[in-house]
Structure formats: structure tokens, C-alpha cells
Amino acid sequence: MTDRPKPLPQLAGVNAYVPGEAPKYTGGPSYKLASNENPLGASPKAKAVHVEMAGKLDIYPDGTAKDLKAAIAKKHGLDPNRLVVGAGSDEIFLMLGRAYLGPGDESICTAHAFAIYAIIAQQQGSTVVEVAEKSFTADVDAILAAVTPRTKIVWLANPNNPTGTYLPYDEVKRLHAGLPSNVLLVLDGAYAEFVRKNDYASGIELASQFENVMMTRTFSKLYGLAGLRVGWGYAPAHIVDAIERVRMPFNVNLAAQAVAIAALEDEAFVEASLAHNDRELVRLAGELRALGLDVIDGVGNFCVAKFPETKGKTAAEALAYMKERGVTVRGLGGYKMPNHLRVSVGTVEANNAALKLLKEFLGK
Ligand SMILES: *Cc1c(COP(=O)(O)O)cnc(C)c1O
């Protein structure tokens with residue numbers, strides 16, 4: 001065989017990301033509860049700005065995203081010079097990987113961490129060290145015990161996806177305090193806004209104070225802009241500088257920048273979204289428990305339920321049963337949780353449809 005172009009050897013070990021499945025069309029209503037999207041959609045004000053942007057498609061975006069950074073800084077009381085924006089927070093993780101990870105380096109994530117961290121670390125030819133969790137929750141001592149002279153990054157989604165669990169801020173501070181100063185702690189706050197716990201904080205304060213902490217947020221979940229791809233991060237100046245060196249010049253597109261600003265400013269929509277999640281998360285978890293399922297106490301916008309291993313009642317069979325009937329939820333086999341399913345908080349109708357199907361499936 002003639003010689004062919006060969007991709008970098010480390011790519012052989014990369015398991016490409018598997019996104020949540022779109023619902024199957026059944027003729028009746030169908031619902032996607034598989035990607036933690038906002039069930040109320042996006043802010044009407046944000047949508048109006050998106051329509052307006054159709055008139056400007058010929059113009060390059062502002063590569064520095066000055067107005068978007070100003071809006072984020074104002075909203076959260078931050079220094080705009082320490083902000084970075086990305087095409088989703090995924091792109092921020094990618095830029096961190098490009099800036100900090102290479103062959104021979106290690107980064108640490110927990111056993112059921114968000115998949116993107118490992119994908120990026122492997123793409124860079126670096127090694128991912130997975131540490132055990134306790135009750136599906138990050139274990140600070142286990143993370144600290146895994147640090148070696150090769151460790152460059154500790155990735156922590158807080159709350160985590162897909163487990164939905166979180167570390168109280170004291171524990172995050174203890175984690176940070178135990179890390180060598182050359183190890184970057186990445187605090188992924190994709191679900192930060194949903195958390196209603198007095199002992200929780202996203203880590204803005206740590207990122208403001210220390211040279212080795214970055215906190216990230218996204219417009220994909222609470223703000224309902226998953227399709228537009230906007231995320232942001234807050235970090236010390238030297239990390240912002242490193243990211244600027246790997247960032248593509250126009251990484252956040254023109255419409256995304258303008259629409260994200262409008263979304264940030266629409267407080268009524270955000271409040272309605274949070275109020276909906278508060279109500280439906282509790283209801284969904286309660287109803288899943290009432291079906292006899294073991295539910296992990298999550299604080300995001302999704303519930304994780306454990307299914308029996310008896311044939312006919314398994315998570316894989318429940319997933320297929322629901323999909324066939326128009327509701328997709330997320331199977332967690334890829335997250336080493338093959339007996340669990342993750343159900344995003346949907347509209348009342350969507351949640352009812354999911355619960356009804358599960359009730360039928362379980363024969364309750
Ligand atoms: C959804 C999610 C994100 C957000 O990704 P975007 O690229 O901003 O859409 C980040 N981290 C976690 C843990 C998530 O679940």
C-alpha cells in the first residue's frame with residue numbers, strides 16, 4: 001500500500017465526543033432531554049438581536065470582543081482585561097490545552113468528569129490522570145494525591161456534569177491550597193448559576209486572587225444559547241496572555257457576541273429560567289425516586305438516576321424505550337456509569353412525557 005498521510009499518533013487514543021441525541025420523530029410530540037439545554041429557549045431580546053445581525057454578516061467580528069467583555073465585567077463586577085471569550089467554554093478548555101499541555105505532561109480529572117477535558121488533553125499528546133470520586137463527588141484528597149511533578153492542570157467542573165454533584169467552596173479552597181503554585185486549577189462553572197446552596201461559590205474570587213486559577217462560564221445552559229457557542233473565562237493576566245497567543249483571531253462570531261450581550265441584560269428571562277429549574281429539578285428528582293430509582297442529588301439542571309441491572313429494566317433498555325417513543329435522555333456508558341441515565345430538566349410537558357414513559361417502562 002502506498003504511504004498515506006498520518007495524523008498525530010496520540011489521536012488514536014481520542015474517543016470523539018458523543019453529543020446528546022436529537023429526538024426521534026414519532027408523529028406526536030418529541031422532546032430532547034439529553035443536552036442540558038434551556039427548556040424555555042433563549043431570551044426573546046436575544047433572539048431579536050440575532051435577527052438584526054443578519055444585516056451584518058459581511059463584517060468581521062471584533063476579535064477582542066470588547067463590548068461582550070465589558071458587559072460580562074459589568075454584570076459580575078470583574079476586570080475586563082482578565083476575561084477571555086471562546087466559541088463555547090469548550091474552546092476555552094481547548095485553548096488552555098494548547099497553551100499548557102504537551103507530551104510528557106499530565107492533567108488530572110475525576111472519574112466521572114466532563115468528557116472534553118480528557119479529549120483535549122489527549123489531543124495534545126499529554127496524559128490524563130483520572131482519580132476516584134466519593135459518592136459520585138470529586139474527592140479533594142484523591143486529587144491532591146495524584147499530583148506529580150508532571151501535573152500541569154487540574155480540571156474540576158463544579159457542579160460536575162454528568163453527575164450533578166458539587167464541592168462546597170471550602171473544599172475547593174482546600175484543593176487550591178494543596179496544589180503546587182505551578183499547577184493550574186480550572187474551575188468549570190457551566191452550571192454555577194443553577195446552584196442554590198449557601199456553601200457554594202464558582203471560584204471568581206480564587207481566580208481574582210491567585211496566579212494559578214481560571215474559572216469558566218457558558219452561555220449554553222442558563223442563557224439558552226448553546227447553538228451560538230459562547231463561553232467566557234476569568235483568569236490572571238499571564239494566563240489571559242497565554243490564551244491570546246493560541247486564540248484564533250475571530251473565534252467568537254459577530255452574531256454570538258451581540259446576542260450574548262442581549263442575553264446577559266435580559267434579567268427577567270434569566271429569573272424565569274432559574275425559577276423553572278428550581279421547581280422542575282425538585283419535582284423530577286422526587287418523581288424519579290417515587291418510581292423506585294436511585295437518584296443522585298444534583299444541583300444543576302439535570303437529574304441522574306440509577307437503573308436496576310435486571311434484564312428488561314436496565315438503563316440501556318430504558319434509553320431505547322424512551323427514544324423509540326420520542327424522548328431522548330443521555331446514556332452514561334461513555335462516562336463509566338452504564339447503569340445511570342441523565343435526564344435534563346425540560347418543560348413541564350417534556351418532563352411529564354419522560355416520567356410517563358419511565359413509569360410504563362418500569363411497570364409501575
Ligand atoms: C455544557 C457544559 C459546558 C459548556 O460547554 P459550551 O462549550 O460552553 O457549550 C462546559 N462544561 C460542562 C461541565 C458542561 O456540562
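Residues numbered from 1 in each chain as written. Predicted model: local features only at pLDDT ≥ 70, side-chain atom pairs only at ≥ 80, totals over all residues. Heavy atoms only, no water.

**Q** Tell me about the pairing of strand β2 (residues 83-86), residues and numbers included.
**A** Taking every second residue as pointing to the same face, both faces of β2 are buried, with L83 and V85 on one and V84 and G86 on the other. With 4 bridges joining them, β2 and strand β8 (residues 231-234) adopt antiparallel strand pairing. Note that in β8 the partner of L83 across the bridge is Y234. (Buried < 20%, exposed > 50% of the residue type's maximum accessible area, 1.4 Å probe, protein only. Helix = DSSP H or I, 4+ residues; strand = E, 2+ residues; numbered from the N terminus. Pairing = 2+ DSSP bridges.)

**Q** Can you explain the domain arrangement of the protein? Please cite residues and give values.
**A** When cut into domains, the protein gives domain 1 (9-42 + 268-362) and domain 2 (44-266). Taken over C-alpha atoms, the centre of domain 1 sits 24 Å from the centre of domain 2. Listed by partner, the interface residues are 34 residues for domain 1 and 37 residues for domain 2. Across the interface of domain 1 and domain 2, roughly 2,900 Å² is buried in total on both sides, 64% from carbon and sulfur atoms. For domain 1, the biggest contributors to the area lost against domain 2 are A42, V299 and Y335; these three give 23% of the whole. (Domains from an automatic or database assignment. Contact = heavy atoms within 4.5 Å. Buried area = accessible area lost by both parts, 1.4 Å probe.)

**Q** Go over the nonpolar core, please, and point to the residues and values.
**A** Soluble globular proteins tend to pack their nonpolar side chains together in the buried interior. Counting residues in each nonpolar core, the largest one holds 86 residues, and the members touching the most others are L68, W155, M214, F219, L225 and W232. Here the element with the most residues in this core is helix α9 (residues 254-265); it accounts for 9 residues. Taken domain by domain, the makeup of this core includes at least three residues from each of domain 1 (9-42 + 268-362) and domain 2 (44-266). With 29 residues, the next largest nonpolar core counts Y31, L284, Y321 and L355 among its residues. (Core = buried A, V, L, I, M, F, W, Y, C linked by side-chain atoms within 4.5 Å.)

**Q** Describe in detail empty space enclosed by the protein, supporting the description with residues and values.
**A** One pass over the structure, following the stated rule, counts 3 cavities of 30 Å³ or more. Lining the largest cavity are 15 residues, with T110, A138, L156, A157 and N160 positioned closest to its centre. Among the elements that make up the lining of the largest cavity, the one with the highest residue count is strand β5 (residues 151-157) (3 residues). Residues belonging to the lining of the largest cavity are distributed by class as follows: 8 nonpolar, 6 polar and 1 charged. (1 Å grid on protein atoms, 1.4 Å probe; cavity = no way out; pocket = protein on both sides within 12 Å on 5 of 7 lines; lining within 4 Å. Points joined across faces, edges and corners; volume = space filled by probe spheres on them. Nonpolar A, V, L, I, M, F, W, Y, C, P; charged D, E, K, R; others polar.)

**Q** If you had to explain the sheet that holds strand β7 (residues 213-218) to someone new, which residues and values would you point to?
**A** What the 7 strands build is an open sheet, ordered β2-β8-β7-β6-β5-β3-β4; its pairing is mixed. Two strands lie at the open edges of the sheet, namely β2 and β4 (127-131), each paired on one side alone. On average, adjacent strands in this sheet sit at an angle of 20° to one another, irrespective of strand direction. Inspection of the sheet shows strand β6 (residues 184-188) paired to β7 by 4 bridges, in the parallel sense. Bridging from a neighbouring strand, V186 pairs with M214 of β7. The sheet contacts of helix α3 (residues 89-100) involve β2, β5, β6, β7 and β8, and relative to β7 the element is tilted by about 155°. (Axes fitted to C-alpha atoms, helices over the stretch in contact; angles between N-to-C directions.)

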